[in-house]
Amino acid sequence: MVEAPYPELDDLLRAIGEAGRHVADIEASEGAAGNISVCLRWPVEPRTRFPVVERFELSQAVPELAGACLLVTGSGRRLREIVDDPTGNLACLVVEEGGGTARLHTSHHRRFERVTSEFNSHLAVHYDQIRSTRTNFHAVIHAQPIYLTYLSHVPRYREVTYLNRHLLRWQPETIVNLPEGIGVVPFLVPGSSELMAATIESLRRHRIVLWSKHGVMARSDVSIKRAADRVEYAETAAKYEFLNLSAGEAGEGLSVDEIRAICGTFGIRQAIF
Ligand SMILES: [Zn+2]
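Everything in this summary refers to the structure shown in the same document. Being a predicted model, the structure only gives us computed values, none of them experimental.

### Structural notes on the state of the cysteines
The term disulfide refers to a covalent linkage connecting the sulfur atoms of a pair of cysteines.
No. 1: Counted under the stated rule, the structure contains zero disulfides.
No. 2: Take cysteine 92: it sits in no disulfide, and the sulfur closest to it among the cysteines is that of cysteine 69, at 3.4 Å.
No. 3: Using a relative accessible area of 0% as the deciding quantity, one classes cysteine 92 as buried.

### Focus on unusual backbone geometry
No. 1: Residues alanine 4 and proline 5 are joined by a peptide bond in cis, for which omega reads 0°.
No. 2: By secondary structure assignment, the location of proline 5 is in the segment before α1 (9-25).
No. 3: Positive phi values are uncommon outside glycine, yet glutamate 27 reaches one of about 60°.
No. 4: Of note, glutamate 27 is situated in the loop between α1 and β1 (35-40).
No. 5: Relative accessible area serves as the criterion here: at 51%, glutamate 27 is assigned to the exposed category.
No. 6: Of note in the backbone geometry, glutamate 249 takes a positive phi value of approximately 55° without being a glycine.
No. 7: On the secondary structure map, glutamate 249 appears in the loop between α8 (224-246) and α9 (256-266).

### A few points about the pairing of strand β5 (residues 101-106)
No. 1: Extensive coverage of β5 is indicated by the burial of five of its six residues.
No. 2: Two elements, strand β2 (residues 52-57) and β5, share six bridges in a ladder whose sense is antiparallel. Bridged to valine 52 within β5 is threonine 106.
No. 3: As paired elements, strand β4 (residues 90-95) and β5 share four bridges and run antiparallel to each other. Across the sheet, valine 95 pairs through a bridge with alanine 102, a residue of β5.
No. 4: Hairpin connection from β4 to β5: five residues lie between these consecutive antiparallel strands, with glycine 98 at a positive phi of about 95°.

### Digging into the coordination of the zinc ion
No. 1: Around the zinc ion, the protein contributes the donor atoms His142 (NE2), Gln144 (OE1) and His214 (NE2), at 2.1 Å from the metal centre.
No. 2: Coordination of the zinc ion draws on donor residues from a single chain, spaced H-x1-Q-x69-H in sequence. Within this pair, whereas glutamine 144 is found in the loop between β6 (137-143) and α4 (146-151), its partner histidine 214 is found in the loop between β8 (208-211) and β9 (215-220), the two being separated by 70 residues in sequence.
No. 3: Overall, histidine 214 belongs to the buried group, its relative accessible area being 13%.

Cut-offs used in this document
- Residues numbered from 1 in each chain as written.
- Predicted model: local features only at pLDDT ≥ 70, side-chain atom pairs only at ≥ 80, totals over all residues.
- Heavy atoms only, no water.
- Disulfide = S-S within 2.5 Å.
- Buried < 20%, exposed > 50% of the residue type's maximum accessible area, 1.4 Å probe, protein only.
- Helix = DSSP H or I, 4+ residues; strand = E, 2+ residues; numbered from the N terminus.
- Pairing = 2+ DSSP bridges.
- Donors = N, O, S within 2.8 Å, 3.2 Å for Na, K, Ca; no water.

See the structure below:
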């Protein structure tokens, strides 16, 4: 939930650009990989930045989101370039009454034909979270961090308890920042309804989910940068784990008792250790 005074459209465009650059800086978005969207439910006027208006059929009816505004990356755009030209790389959708259609607002100099091919998953996650938590703000990032994705190619890391007990043991902050741990879904075809359904389900219980052999999706109801941070926390943990595997598993990691002591001190409720 974001409290008033609400960020202006330009503030949000800048924050999305900075989050995109950050995700690229941590090597989680090669080429045009990855996509970002935010859904906000306070009134904004998109026409000053996005004067071209078209009708847009939504992939699913989202009646409770009528009036909501979604900022979303264009298909084939690079996350690292959004910051230099937000309106060329992003579209703004305003959901119409009834929730079956939206007005698609774009710039005259937009650099894409369609919004990201993962938009259906983004919309479904926003809708599910907003319906259950009533938040007025929700951000989603899909990224392809190398170490997390690599570990998901190793079968034992696709088991959620194994993954979390091994990744959340390298730094005291990890359990504090990801107290629900990292969710896991099996490999599912990108853009498929199966991936969408599994992602929704996992993000009810986690703030970040690992899409096996593909990447991650992270969410935040506070800011887009918070969602980007979650990608980085999880990726840093995976990097430690990879280092440890490469070093012949010489590292101890924090013990269960040490992690429980951290959680006790910082009031973290968790069920992983
Ligand atoms: Zn992807």
